[in-house]
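For reference, the chains in residue letters:
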Amino acid sequence: MEDAVRSVGGIDVHRDGSNTTLLFIILGTVGRVWSGTPLVLPTVGEVWPRPQAVESQDTYMIIRPGTFSFNVTRNTCAILDEALQRYKEIMFPSTALKRQDPWKKDGNFKGYLDNLKVTLLTKCETHPHQDMDEQYEIKINTPDAPGEASLIAQSVWGIVRGLESFSQLLVPNSAVYNVNSTQIRDFPRFSYRGLMIDTSRHFLPISKIEDTLDLMAMNKFNVLHWHIVDDPSFPYISSVYPELSKQGAYSPGHVYRASDISNVIEYGKMRGIRVLPEFDTPGHTQSWGSQPGLLTPCYKNGIPDGTFGPIDPTNDANYDFLRTFFEEVTSRFPDHYVHLGGDEVSFDCWKSNPTITHYMSQHNITGNYRKLEEIYITKLTQMISNLPTKNGYLVWQEVFDNGVNIADDTVVHIWKDGGTPLIFKHELGKVTSAGYSTVLSSCWYLNYISYGVDWHKYYECDPQDFDGTDEQKQLVLGGEACMWGEYVDRTNLISRTWPRASVVAEKLWSNKFHTVDSNAASPRLEEHRCRLLGRGYDVEPLWPSFCAADVAQL
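Along each chain, residue indices are assigned from 1 in the same order as the chain's sequence is written. At least 70 in pLDDT is required for a residue's local features to be given in this predicted model, at least 80 for side-chain atom pairs to be given and counted, and no such filter applies to totals for whole chains, interfaces and linings, which use all residues. Heavy atoms from the whole structure form the basis of all side-chain values; hydrogens and water molecules are not counted.

**Quick word on the environment of glutamate 46**
So, point 1. Here glutamate 46 is to be found in the loop between strand E4 (29-32) and strand E5 (53-63).
So, point 2. Each residue gets one of three labels from its accessible area relative to the maximum for its type: buried under 20%, exposed over 50%, partly exposed in between, using a 1.4 Å probe on protein chains only. Assessed through its relative accessible area of 24%, glutamate 46 is described here as partly exposed.
So, point 3. As for glutamate 46 and serine 165, which are separated by 119 residues in sequence, their C-alpha atoms are 9.0 Å apart. The secondary structure listing takes helices from DSSP runs of H or I that are at least 4 residues long and strands from runs of E that are at least 2 residues long, numbered from the N terminus.

**Points about empty space enclosed by the protein**
So, point 1. A pocket here means an open set of points on a 1 Å grid, computed over the protein atoms alone, that has protein on both sides within 12 Å along at least five of seven lines. A cavity is instead a set of points where a 1.4 Å probe fits but cannot get out; residues with an atom within 4 Å of a point line either one. Grid points are joined across faces, edges and corners, and a volume is the space filled by probe spheres set on the points. Scanning the model with the defined rule gives 5 cavities of 30 Å³ or more in all.
So, point 2. Approximately 80 Å³ is the volume found for the largest cavity.
So, point 3. Lining the largest cavity, in full, are His127, Pro128, Ile265, Lys269, Ile273, Arg274, Val275, Pro334 and Asp335.
So, point 4. Listing elements by their share of the lining of the largest cavity, those giving two or more residues are helix H5 (258-269) and strand E15 (274-278).

**Looking at the side chain of threonine 43**
So, point 1. Locating threonine 43 in the fold gives a position in the loop between E4 and E5.
So, point 2. The exposure class of threonine 43 is buried, given its relative accessible area of 11%.
So, point 3. Side-chain atoms alone can form a polar contact between residues adjacent in sequence; in general such a contact is a pair of N or O atoms within 3.5 Å, and within protein one must be able to donate a hydrogen while the other accepts it. Side chain to side chain, threonine 43 and glutamate 527 meet in a polar contact 2.6 Å long.

**What to know about the state of the cysteines**
So, point 1. Our working definition of a disulfide is a cysteine sulfur pair at a distance within 2.5 Å. Overall, the coordinates contain 4 disulfides when judged by the stated rule.
So, point 2. In this model, cysteine 530 is linked to cysteine 547 through a disulfide, with the two sulfur atoms separated by 2.0 Å. On the sign convention where negative means left-handed, the S-S torsion of about -70° between cysteine 530 and cysteine 547 marks this disulfide as left-handed. Of this pair, cysteine 530 sits in helix H16 (residues 518-534) while cysteine 547 sits in the loop between H16 and helix H17 (548-552), and the two are 17 residues apart along the sequence. With respect to burial, cysteine 530 and cysteine 547 carry one shared label: buried.

**Some remarks on the nonpolar core**
So, point 1. By convention a nonpolar core is built from buried Ala, Val, Leu, Ile, Met, Phe, Trp, Tyr and Cys residues, the set being connected through side-chain atoms within 4.5 Å. Residues Phe166, Ile209, Trp226, Tyr236, Trp288, Phe325 and Phe326 are the most contacted members of the largest nonpolar core, which totals 131 residues.
So, point 2. Here, two residues are considered to be in contact whenever any of their heavy atoms come within 4.5 Å of each other. For phenylalanine 326, the contacting residues outside a window of four places in its chain are Phe279, Val338, Leu340, Leu380, Ile384 and Leu387.
So, point 3. Core analysis: the next-biggest nonpolar cluster, separate from the first, contains 10 residues, Val345, Phe347, Trp350 and Leu372 among them.

**Quick notes on H16**
So, point 1. Here, expected helix span is obtained from the residue count minus one, scaled by 1.5 Å. Helix length check: H16, at 17 residues, gives a terminal C-alpha distance of 23 Å against a target of 24 Å (1.5 Å per residue), a fit within 8%.
So, point 2. Here the bend at each residue means the angle between axes fitted to two seven-residue stretches, the one ending at that residue and the one beginning there. Along its length, H16 shows its largest kink, about 30°, at arginine 524.
So, point 3. H16 sits mainly inside the fold: 14 of its 17 residues count as buried.
So, point 4. Among the residues of H16, the N-terminal cap falls to aspartate 517, whose side-chain oxygen and the backbone nitrogen of asparagine 519 are separated by 3.0 Å.

Keep in mind these values describe shape, not function.
Encoded structure:
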């Protein structure tokens, strides 16, 4: 890293190439910090994820919490009103440690900033969606508007993203905040920026899901992929088929009611985050076993052995069940898309079952169990497309790999071979050359942990880094970090996910040419980690360091 000097409200931070010496020049007083030096020194007042274009000057203004306000022009709505209130609390927390020692003006001081002009150019949309407009512009004490600050966006989602960036520009200074003269023009690189949580292997209370949504908003993620049920448990309460959760959940307390679902969706909406449910079939369905005839009985030596395999694709009654079930699901989740799973379907039980064998013989399917899976997936996807809500859908990559005839608008979710980039890059090429849109997760399985600094590999992964035409690369909607729940519950969800997920967030939001050097990103990531810690979230440390927020906890 090159030597750098940046002034934030009269505080110059000098950083040498080794990143281990910090020199403060505060109001003309020079002093070197010789002890207690962290491994990586944080930046001051930098926005994460990095904006597409930002210009900042050493001149600054002072914000006094007691006199600051938002000045809304043009359009407003409940989403905007709630966001303004939320960000005022984020920027000026009542629990913040405020020293009352005086601060002094210097030649770069340009006055007090008492309001931010917020201009929403169009009426609010009711729900976030795949193609929502998230671009925004921030101006603070620019030559064309000296002494003023403004945030402007076409959509309310852009305003929400801009408020997060504005909040990150503020630097505490005694009982006030400094903010440099700044201009930001920003928009996301990818429209799909997701985080997956797993509530089957370990139940997650609603409070932790809401904490996750808060942190997603602070990192400009916009899709919560809710892997809500799986083999271990079925916590989703269906009003049409209540036995699914009564018999499939861990206990009557480990469930999500309709009101819980509604609250999570509303909480996400207010933060510009889509809630995308996944009900994975025909495999990963052991907890669905209360539905008569749904799962395939497994045989050993021609006799049922008491175990069950994937959903039985030969039982017509199962499709009636699925149609009714997904009608309920899609009526509760307003997003256009639903994730249908389709991964890791074991054929062993199907092979052992004489009813399956007879069905395949009748339909001239000779030993091709992938064809049997194709029959199931084809019926399921056609069913989803023809529900009253006319949903689109995502599937895991095995559905594509197994040659299933899927609709043109299917989104293929690539997840395999995370440790072998050449393989998942080849998969990206295959899927997009076939004309399908795709989302990448292979390199962003956050549940795989290791001792030491392990986030650099996340920063080096790029969803468009594969051999393909420009048209193919445009089919990459974005990516998704996954936090599978085998060893994750409410006790470690937040710490294990963050700030490692922040790295993925920047790769999916920022200009690809600005996110190629993980070492250069380290000081900004350290500041962001301290920021999240200061906002009350127990996010993991990245290396030996300290944050000012640590002091407040003593």
